[in-house]
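Overview (structure and organization)
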Amino acid sequence: METAAPSAVIVAIDGPSGTGKSSTSKAVAAKLGLRYLDTGAQYRAITWWMITNGIDTDDPHAIAVAAGKPGIVSGTDPAAPTITVDGLDASGPIRTQEVTSKVSAVSAVPEVRTLITELQRSIAASAEGGIVVEGRDIGTTVLPDADLKIFLTASPEARAARRSGELRGKEATDLAATKEALIKRDAADSGRKTSPLAKAGDAVEVDTTELTLDQVIECVVTLVEEKRAART
Ligand SMILES: Nc1ncnc2c1ncn2[C@@H]1O[C@H](COP(=O)(O)OP(=O)(O)O)[C@@H](O)[C@H]1O
Ligand SMILES: Nc1ccn([C@H]2C[C@H](O)[C@@H](COP(=O)(O)OP(=O)(O)O)O2)c(=O)n1
């Protein structure tokens, strides 16, 4: 595995759904001039490809056999992140409830994780000025040598309220159903055998339940700046 330039800072942000990983990571990367990678979007993209290509997402063997077929490309500009599959813009379709309900099963397949993990490491290695990478297993598995690891948490109620606020108007949803779906997905992501959602031993845990998004961003920016200062 190649390594990024010595001055580059690599930040890993993990945590369950709705804790603020994407919003925080994008803003921190933009403020500090870093690249940004949404690894959940990559797992969503491969899930979308499986669905549109008629692969049974309840069949781990069929998923494993097909895993290498889609070409997934992530654009890492925090101001305009992109994701394409075989050259097609997948940013809209990967956010449907169908993909959301199937992504945990697809991302639990070891062959899928091996391929996507390699892709993530090569993107991080080529981000010369550094990168913020967010997901579920970044601090534990993908980038265990990251300069800074953050694990975001929030109460299930706060997370469901945030998600349901996002979905309103797009797809019919209610708070209780959103909370139930979110808890089910967290349990699947935490309970799988291969690189489950988990806090790395050396990660800083930030409970965002009572914090505004700006407060969380400020907290992470300060932690990155402290790391950078300690290295100079
Ligand atoms: N601290 C916060 N307080 C209130 N809303 C938040 C906070 N952090 C994130 N949000 C909102 O919650 C929703 C989910 O955030 P997101 O960053 O997508 O979480 P994740 O990537 O962890 O699933 C977004 O609409 C976002 O604006
Ligand atoms: N590093 C990662 C990132 C996401 N995943 C899987 C598990 C998650 O439920 C899905 C979707 O991730 P995503 O970050 O888009 O999820 P939410 O923003 O929380 O809805 O992908 C993973 O297994 N490993």
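An account of the accompanying structure is given in this report. (Residues numbered from 1 in each chain as written. Chains lettered and ligands numbered in written order. Predicted model: local features only at pLDDT ≥ 70, side-chain atom pairs only at ≥ 80, totals over all residues. Heavy atoms only, no water.)

We now examine the site of ligand 1. For ligand 1, the set of nearby residues contains 16 residues, the closest of which are Gly-18, Lys-21, Ser-23, Arg-163 and Leu-211. Here an oxygen atom of ligand 1 sits 3.0 Å away from a polar atom, N or O, in the main chain of Gly-20. A distance of 2.4 Å separates an oxygen atom of ligand 1 from a polar atom in the side chain of Ser-23. Every element with two or more residues in the shell around ligand 1 is listed here: helix H1 (21–32), helix H7 (156–167) and helix H9 (213–231). (Near = heavy atom within 4 Å. Polar contact = N/O pair within 3.5 Å; in protein donor to acceptor, adjacent residues only side chain to side chain. Helix = DSSP H or I, 4+ residues; strand = E, 2+ residues; numbered from the N terminus.)

On to the pairing of strand E3 (residues 72–75), then. Residues Ile-72 and Ser-74 of E3 are buried on one face, while the alternating residues Val-73 and Gly-75, pointing to the opposite face, are not. Two strands pair when backbone bridges link them, and E3 and strand E4 (residues 82–85) are joined in this way by 4 bridges, in the antiparallel orientation. Pairing of Ser-74 across the sheet is with Ile-83, part of E4. Hairpin remark: E3 followed by E4, antiparallel, with 6 residues in the connecting loop. (Buried < 20%, exposed > 50% of the residue type's maximum accessible area, 1.4 Å probe, protein only. Pairing = 2+ DSSP bridges.)

We now examine the sheet that holds E3. A sheet is described by the order of its strands in space; here 3 strands give the open sequence E3-E4-E5, paired in antiparallel fashion. The outermost strands of the open sheet, each flanked by one partner alone, are E3 and strand E5 (88–89). Sheet topology places E4 next to E5; 2 bridges connect them, and they run antiparallel. Bridge pairing links Thr-84 to Asp-89 in E5. Contacts between helix H2 (residues 39–52) and the sheet are confined to E3 and E4, with E4 contributing the most and set at about 25 degrees to the helix. (Contact = heavy atoms within 4.5 Å. Axes fitted to C-alpha atoms, helices over the stretch in contact; angles between N-to-C directions.)

The next thing to look at is the site of ligand 2. In the region of ligand 2, 18 residues are neighbours, and Arg-44, Arg-113, Arg-185, Asp-189 and Arg-192 sit closest. Contacts to ligand 2 include Arg-44, whose side-chain N or O atom sits 2.7 Å from an oxygen atom. Coverage of ligand 2 by the protein chains reaches 97% of its 520 Å² of free accessible surface. Top element by residues in the shell around ligand 2 is H2. It accounts for 4 residues. For the shell around ligand 2, the class distribution of residues is 3 nonpolar, 6 polar and 9 charged. (Areas by Shrake-Rupley, 256 points an atom, 1.4 Å probe, with all protein chains shown as cover. Nonpolar A, V, L, I, M, F, W, Y, C, P; charged D, E, K, R; others polar.)

It is worth spelling out the packing of H2 against helix H5 (residues 110–125) at this point. Between H2 and H5, the shortest axis-to-axis distance is 11 Å and the interhelical angle comes to 140 degrees. The angle between H2 and H5 places the two elements in the oblique class. Here H2 and H5 pass one another in a crossing that is right-handed. Packed against H2, whose contacting residues are Thr-39, Gln-42, Tyr-43 and Ile-46, the element H5 presents Val-112, Arg-113, Ile-116, Thr-117, Leu-119, Gln-120 and Ile-123 at the interface. Considering only residue class, the contact of H2 with H5 consists of 6 nonpolar, 4 polar and 1 charged. (Parallel < 35°, antiparallel > 145°, perpendicular 65-115°, else oblique. Left-handed = near helix turned anticlockwise from the far one by under 90°.)

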